[in-house]
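Chain by chain, the residues run as shown.
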Amino acid sequence: MQLLKKIKFIAVHHSQRKIDSLKRIKDLHINKYGWEDIGYHYLIDKKGKIQKGRNEKFIGAHVFGHNKNSLGICLIGNFDEEKPAKKQIQTLLKFLKNKIKKHHLNKKNILGHREFSGAAKTCPGKFIDMNKVREMF
Ligand SMILES: [Zn+2]
């Protein structure tokens, strides 16, 4: 896997479908897609617990055209159909705060997957308002 040299963006995702655990997403990415490791760097489960995906020193596989300079975080759930758990959002905000500081990022570079150009997706779901997320900083 290639090294992730410079983190410029953080891409927020949801897991969509009924893939509801780190184990199942990992299995999908490795055994079905044939990737070397899970595509996301971090996941946040429904209890608000952070789970580690791909080591953040490596380039992930989560946002077409922007993997080389972005960190991928995936909230478990389908937020086109349901609202995220409060704890998930609390953890996400804490996580983003830490990463912004660590990588000297501008809050405008925290984007939902759908906000990247060329991404014809709803990810991370209509119940996650990215403007609201950015307003928290
Ligand atoms: Zn996504």
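What counts and how
Residues numbered from 1 in each chain as written. Predicted model: local features only at pLDDT ≥ 70, side-chain atom pairs only at ≥ 80, totals over all residues. Heavy atoms only, no water. Helix = DSSP H or I, 4+ residues; strand = E, 2+ residues; numbered from the N terminus. Rg over C-alpha atoms; globule rule 2.2 N^0.38 Å. Buried < 20%, exposed > 50% of the residue type's maximum accessible area, 1.4 Å probe, protein only. Contact = heavy atoms within 4.5 Å. Areas by Shrake-Rupley, 256 points an atom, 1.4 Å probe, with all protein chains shown as cover. 1 Å grid on protein atoms, 1.4 Å probe; cavity = no way out; pocket = protein on both sides within 12 Å on 5 of 7 lines; lining within 4 Å. Points joined across faces, edges and corners; volume = space filled by probe spheres on them. Nonpolar A, V, L, I, M, F, W, Y, C, P; charged D, E, K, R; others polar.

Observations concerning the overall build of the protein chain
Each helix and strand in the protein chain was counted, giving 3 helices and 5 strands. Computed over C-alpha atoms, the radius of gyration of the protein chain comes to 14 Å, within 12% of the 14 Å expected from 2.2 N^0.38 for 137 residues, which places it in the range of a compact globule. In terms of overall dimensions, the protein chain has C-alpha extents of about 35 × 35 × 30 Å along its principal axes. Relative to its full complement of 137 residues, the protein chain shows a buried share of 50%. Looking at the protein chain alone, contacts between residues at least 24 apart form 63% of all its contacts between residues at least 6 apart. Taken as a whole, the protein chain presents about 8100 Å² of accessible surface, with 52% of it coming from carbon and sulfur.

A look at the layout of surface pockets
As a volume, the largest pocket reaches approximately 470 Å³. In terms of lining, the largest pocket is formed by 27 residues, of which the most central are Trp35, Tyr40, His62, His113 and Lys121. Contributions of two or more residues to the lining of the largest pocket are made by β1 (9-14) and α1 (22-32). When residues in the lining of the largest pocket are grouped by element, the largest group, 3 residues, is from α1. When the residues that make up the lining of the largest pocket are grouped by side-chain class, the tally is 13 nonpolar, 12 polar and 2 charged. Computed from the structure, the second largest pocket encloses a volume of approximately 280 Å³. Lining the second largest pocket we find Lys83, Pro84, Ile89, Leu93, Phe127, Ile128, Asp129, Lys132, Val133 and Met136.

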